[in-house]
Amino acid sequence: LREDSGGPGFHRGGCGSAYGFTMLADGLVTVLGDRVDHPPFGVAGGGNAAPNAVRFTSADGDWIPPMRSKIERQAMAAGDKVHLATPGGGGFGDPLARPLEAVERDLDLGYISRATAEREYGAVIADEVKVGDRARYRLAASAIRYRR
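J.: Help me out: how do you make sense of the sheet that holds strand E6 (residues 81-85) in this one?
T.: Hydrogen bonds between backbone atoms are what pair the strands of a sheet, whose relative direction is either parallel or antiparallel. In space, the four strands of this open sheet follow the order E1-E6-E3-E4, with antiparallel pairing throughout. The open sheet has two edge strands with one neighbour each: strand E1 (18-22) and strand E4 (61-63). Along the sheet, successive strands turn relative to each other by an average axial angle of 20°, direction set aside. Where strand E3 (residues 53-58) and E4 come together, three bridges link them in antiparallel fashion.

Written as structure tokens, this is what we have:
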């Protein structure tokens, strides 16, 4: 899942995904995507989602297709890569009204970053504990109610 791709809202928009391919042999690639210039919009006070993103990596370096998310029959060599990130869904409703338990769960599952939790949802982090390569959070409810 693509962190911070769903639009903020009382109902957070669904997350997009991020993935890539490495060519094992020479070949042709076609990519058809949308929502680069106009990301999925939020409704009733919800925020926009992250837009689509496409990037190629070849011997010449990283590059983005001229139409940004569309390219047809692009020649690629073994070892070249395609990086793709699909858009999320737009949020619905006021992000500052999202239940704190939902914001904390979104943080713990990696759906949103700490910066997004603080900026969009008015979160105040009381505690952050590393568990393996992830972080687990506890929010400061009284500080958040004051901040919101």
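J.: Any chance you could explain unusual backbone geometry here in plain terms?
T.: Glycine aside, residues mostly have negative phi, and peptide bonds are mostly found in the trans state. The phi angle at Arg35 is positive, at roughly 70°, despite the residue not being glycine. In this structure Arg35 comes out as partly exposed when scored by relative accessible area, which is 38%. In the Ramachandran plot, Arg68 falls in the positive-phi region, its phi being about 65° despite a non-glycine side chain. Along the chain, the position of Arg68 falls in the loop between E4 and strand E5 (70-76).

J.: Where do I start with the environment of Arg134 in this structure?
T.: Within the secondary structure, Arg134 sits in strand E8 (residues 134-139). Exposure remark for Arg134: the relative accessible area of 32% places this residue in the partly exposed category. Taking C-alpha positions, Arg134 is 8.8 Å from Leu109, a pair spaced 25 residues apart along the chain. The residues contacting Arg134, other than those within four sequence positions of it, are Leu107, Asp108, Leu109, Gly110 and Val129. For Arg134, the side chain forms a polar contact with the main-chain oxygen of Leu109, separated by 3.2 Å.

J.: It is not clear to me how the pattern of salt bridges should be interpreted in this structure. Could you clarify?
T.: Oppositely charged side chains are able to pair whenever their charged atoms sit close together. For the structure on display, the rule yields nine salt bridges. Here Asp34 ties to Lys70 by a salt bridge, and the two come within 2.6 Å at their closest N and O atoms. Placement of Asp34 in the loop between strand E2 (27-32) and E3 and of Lys70 in strand E5 is noted, with a sequence separation of 36 residues between them. Residue class for Asp34 comes out exposed when judged on its relative accessible area of 51%. Here Lys70 falls in the partly exposed class, since its relative accessible area comes to 29%. Salt-bridge contacts for Asp106 lead to Arg98; the nearest nitrogen and oxygen are separated by 3.0 Å. Take Asp106: its relative accessible area is 0%, and that puts it in the buried class. Among the ionic contacts, a cluster of salt bridges with common partners joins Arg114, Glu118, Glu128 and Lys130.

J.: Looking at this structure, how should I read the side chain of Arg2?
T.: Within the element layout of this structure, Arg2 appears in the segment before E1. Asp4 is the oppositely charged side chain nearest to the buried, salt-bridge-free Arg2, at an N-O distance of 9.1 Å. Polar side-chain contacts of Arg2 include one of 2.9 Å to the backbone oxygen of Thr86. Ignoring any residue separated from it by four or fewer positions in sequence, one finds Arg2 in contact with Cys15, Gly16, Ser17, Ala18, Ala50, Pro51, Ala85, Thr86, Pro87 and Tyr111.

J.: Is there a simple way to explain helix H1 (residues 100-109) in this structure?
T.: Turn by turn, an α-helix covers 3.6 residues, leaving residues three or four places apart pointing in a common direction. Every buried residue belonging to H1 is among Leu100, Ala102, Val103, Asp106, Leu107 and Asp108, and all of these are buried. Where the residues of H1 are buried, they touch helix H2 (114-121), strand E7 (125-131), E8 and helix H3 (141-147). Looking at the residues trailing H1, positive phi occurs at Gly110, about 80°.

J.: Can you walk me through the side chain of Asp80 in this structure?
T.: Its location among the elements puts Asp80 in the loop between E5 and E6. The buried charged residue Asp80 lacks any salt bridge, with Lys81 as its nearest oppositely charged partner at 9.3 Å. At 2.9 Å, the side chain of Asp80 and the backbone nitrogen of Ala77 are in polar contact.

Rules behind the numbers
Here, residues in each chain are numbered from 1, in the same order as that chain's written sequence. With pLDDT at 70 or above as the cut-off, local features in this predicted model cover only qualifying residues; side-chain atom pairs require 80 or more to be listed or tallied, and sums for whole chains, interfaces and linings still use all residues. Side-chain numbers here rest on the full set of heavy atoms in the structure, without hydrogens or water. By this definition, two strands are paired if DSSP reports at least two bridges between them. Numbered from the N terminus, helices here are DSSP runs of H or I no shorter than four residues, and strands are runs of E no shorter than two. Axis definition: a line fitted to C-alpha atoms, over the contacting stretch in the case of helices. Angles run 0 to 180 degrees between N-to-C directions. Partly exposed residues are those whose accessible area sits between 20% and 50% of the maximum for their type, while under 20% is buried and over 50% is exposed, using a 1.4 Å probe and protein chains only. Any two residues whose heavy atoms approach within 4.5 Å are treated as being in contact. Polar contacts, as used here, are pairs of N or O atoms within 3.5 Å; protein pairs need one atom able to donate a hydrogen and one able to accept it. Residues neighboring in sequence count only if both atoms are side-chain atoms. Each reported salt bridge corresponds to a side-chain nitrogen of Lys or Arg within 4 Å of a carboxyl oxygen of Asp or Glu. By the counting rule applied here, Lys and Arg register as positive and Asp and Glu as negative, while His and the ends of each chain are not counted.

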